[in-house]
Amino acid sequence: MKLLVVARLARVSNLPTVWSNVLVGAAFCGAEVSWSLTCLVALGVSALYCGGMFLNDAFDHVWDRKHRAERPIPQGLAQPDEVMRWGGALMLTGLAICVAAGGLAGLDVPRVGVWATLLVGLIVAYDRWHHENRGAWCLMGACRGAVYLLAAASLGAHFERGIALAAVVLWAYVGGLTHVACFEAREGRAAKWAKWALWGPWIVYVPRLGLSLGLGVAVVGALWVRHTLSSLLARRSTVGASVGSLICAMPFVDAMILVSVGEHARAGVALCMVALCARWQRRISGV
């Protein structure tokens, strides 16, 4: 496969949102975590994300021929079995990198392996059954929430209320986003609860920010989401672009969480991921 085809299958334009998710997991570690180790975990989770996207297209190739003819497999640029092999290899690579990172951090390797295996299981379950399962939005949200937990486990954080709340909030945001995405090729409109779920991070974290720079981040992120939802309501033909925009806004959620725990430097990096994701989505679709 050509490099551009690989990039389209892997949805590499969305990777900056994965990296900002990892920063949140790192922020909940009790001790100071090195940026090099954080980058290693980000590499592992990136491999899991890209592997999941490959498997998604491999499982969906029949559905895509009817509804997403622009995808690489319907265009004849890749074969389903080939894409499946790539996906499996990337998933195993990502799992191994995350476990290795935990080992380098001096952690209990089996514990990190359990979290990595849990994320792999959630990804495969979503890819395999999301078209025939009304609860697929819940699985997709759980995949992203588990990124926080895996990153934290790989870098030494203990499971505690702060990161659990962050994972639930991200689960709600991504679950709402996924429900909206389901209407890209269907008649009707996304349920009202899905749009309210997108506002969950602001409802939970804005009261924790106070009159700080974080409040400005929250306002800009809220305006971004509001503009995207307004465009979605105005014209159904923009659902795909709107979903990509909502994915791109995910680092705003990460930045709010990071500011709420005093991690301003990491929050600044997370905000850079918004611009990077938006730029990459101009070349490679994120949906």
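Along each chain, residues carry numbers from 1 onward, in the same order as the chain's sequence is written. At least 70 in pLDDT is required for a residue's local features to be given in this predicted model, at least 80 for side-chain atom pairs to be given and counted, and no such filter applies to totals for whole chains, interfaces and linings, which use all residues. Side-chain measures here rest on the full set of heavy atoms in the structure, leaving out hydrogens and waters.

Some points on the overall build of the protein chain
- Secondary structure follows DSSP: runs of H or I at least 4 residues long count as helices, runs of E at least 2 residues long count as strands, and numbering of each begins at the N terminus. The secondary structure content of the protein chain amounts to 14 helices and zero strands.
- In sequence order, the protein chain lays out its α and β elements as α-α-α-α-α-α-α-α-α-α-α-α-α-α.
- Each of the three principal axes of the protein chain carries a C-alpha extent, and together these read 50 × 40 × 30 Å.
- Considering the protein chain as a whole, with its 287 residues, one finds that 53% of them fall into the buried category.
- Should any heavy atoms of two residues lie within 4.5 Å, those residues are counted as being in contact. Long-range pairs, those at least 24 residues apart, make up 76% of the contacts in the protein chain with a sequence separation of at least 6.
- Entry remark: accessible area of the protein chain is about 12,800 Å², with carbon and sulfur atoms responsible for 65%.
- In this tally, Lys and Arg are treated as positive and Asp and Glu as negative; His is ignored, and so are the chain termini. To locate a charge, the coordinates of NZ of Lys, CZ of Arg, CG of Asp or CD of Glu are taken. When the 25 positive and 15 negative side-chain charges of the protein chain are each reduced to one mean point, those points stand 8 Å apart. Partly exposed describes any residue whose relative accessible area lies between the buried limit of under 20% and the exposed limit of over 50%, with all areas from a 1.4 Å probe on protein chains only and scaled to the type maximum. In short, Shrake-Rupley with a 1.4 Å probe defines the accessible areas, and a residue's cover is counted only from the protein chains shown.

Focus: the packing of helix α3 (residues 35-59) against helix α7 (residues 136-155)
- With their axes 10 Å apart at the nearest point, α3 and α7 run at an angle of 145° to one another. The handedness of the crossing between α3 and α7 is right-handed. For the pair α3 and α7, contact is made by L37, T38, V41, V45, L48 and Y49 and by R144, V147, L150, A151, S154 and L155, respectively.
- Split by residue class, the contact of α3 with α7 holds nine nonpolar, two polar and one charged. Only the stretch in contact is used when fitting a helix axis, every axis being a line fitted to C-alpha atoms; angles between N-to-C directions are given from 0 to 180 degrees. When the near helix sits turned anticlockwise from the far one by under a right angle, the crossing is termed left-handed; a clockwise turn instead gives a right-handed crossing. Gly counts as polar in this scheme, as do all residues outside two lists: the nonpolar Ala, Val, Leu, Ile, Met, Phe, Trp, Tyr, Cys and Pro, and the charged Asp, Glu, Lys and Arg.

Thoughts on the environment of V225
- Structurally, the position occupied by V225 is in helix α11 (residues 213-234).
- The class of V225 is buried, set by a relative accessible area of 0%.
- Apart from the residues within four sequence positions on either side, V225 is in contact with Y173, W199, W202, L246 and A249.

Things to note about the nonpolar core
- In this structure, V45, L48, L119, Y148, Y173, W202 and I257 are the most contacted members of the largest nonpolar core, which totals 86 residues.
- Excluding residues within four positions of it along the chain, I257 makes contact with V24, F28, Y148, A166 and Y205. We call a set of buried Ala, Val, Leu, Ile, Met, Phe, Trp, Tyr and Cys residues a nonpolar core when their side-chain atoms join them within 4.5 Å.

Quick notes on α7
- Expected span, for any helix, means 1.5 Å times one less than how many residues it has. In this model α7 runs 29 Å from its N-terminal to its C-terminal C-alpha over 20 residues, within 8% of the 28 Å that 1.5 Å per residue would give.
- Within α7, 16 of the 20 residues are buried, leaving the element largely enclosed by the surrounding structure.
- Just downstream of α7 lies G156, where phi reads positive at about 110°.

Details of the pattern of salt bridges
- Salt bridges are defined as contacts in which a side-chain nitrogen from Lys or Arg sits within 4 Å of a carboxyl oxygen from Asp or Glu. Enumeration according to the criterion identifies five salt bridges in this entry.
- In this structure, D81 and R85 form a salt bridge, with 3.8 Å as the shortest nitrogen-oxygen distance. Of this pair, D81 and R85 both sit in helix α5 (residues 80-104), separated by four residues, roughly a single helical turn.
- Taking relative accessible area as the criterion, D81 reaches 48% and is therefore assigned partly exposed.
- For R266, the salt bridge is made with E263, and the minimal N-O distance between the two is 2.8 Å.

So, the packing of aromatic side chains
- Within 6.5 Å between ring centres, the rings of Phe, Tyr and Trp (the latter by its six-membered ring) count as paired, and their orientation is classed by plane angle as stacked under 30 degrees, edge-to-face over 60, tilted in between. A complete count under the given rule lists five aromatic pairs for this structure.
- Plain terms: the ring middles of Y173 and W202 are 6.5 Å apart, the flat faces sit at 45° to each other, and that makes the pair tilted. Here the residue Y173 occupies a position in helix α8 (residues 161-181), and W202 occupies one in helix α10 (residues 200-209), the gap between them amounting to 29 residues.
- Judged by its relative accessible area of 0%, Y173 falls in the buried class.
- Look at W202 and you get buried, because its relative accessible area is 8%.
- Ring centres of W199 and W202 lie 5.6 Å apart, and the angle between their planes is 70°; on these two criteria the pair is classed as edge-to-face.
- Residue classification places W199 among the partly exposed residues on the basis of a relative accessible area of 21%.
- Counted as over-ring charges are cases with an Arg CZ or a Lys NZ within 6 Å of the ring centre that also lie within 35 degrees of the ring normal. Directly above the ring of W35 sits R266, whose terminal nitrogen or CZ lies 5.5 Å from the centroid.

Structural notes on the side chain of D64
- Relative to the elements of secondary structure, D64 occurs in helix α4 (residues 61-67).
- No salt bridge is formed by the buried D64. Its closest oppositely charged neighbour is R71, at 4.9 Å.
- Not counting residues within four places of it along the chain, the set of residues in contact with D64 comprises D57, A69, R71 and P74.

As for the confidence of the model for the protein chain
- Confidence scores per residue from the predictor, reported as pLDDT, run from 0 to 100. For the protein chain, per-residue confidence averages 85 on the pLDDT scale, and residues scoring 70 or more make up 90% of the total.
- Confidence, expressed as mean pLDDT per element, reaches its minimum in the protein chain at helix α9 (residues 192-198) with 78 and its maximum at helix α2 (residues 15-27) with 94.

So, the environment of G87
- Along the chain, G87 turns up in helix α5.
- A relative accessible area of 0% places G87 in the buried class.
- Separated by 132 residues in sequence, G87 and V219 have C-alpha atoms that sit 38 Å apart.
- G87 has contacts with G51, F54 and L55, leaving out every residue within four places of it along the chain.

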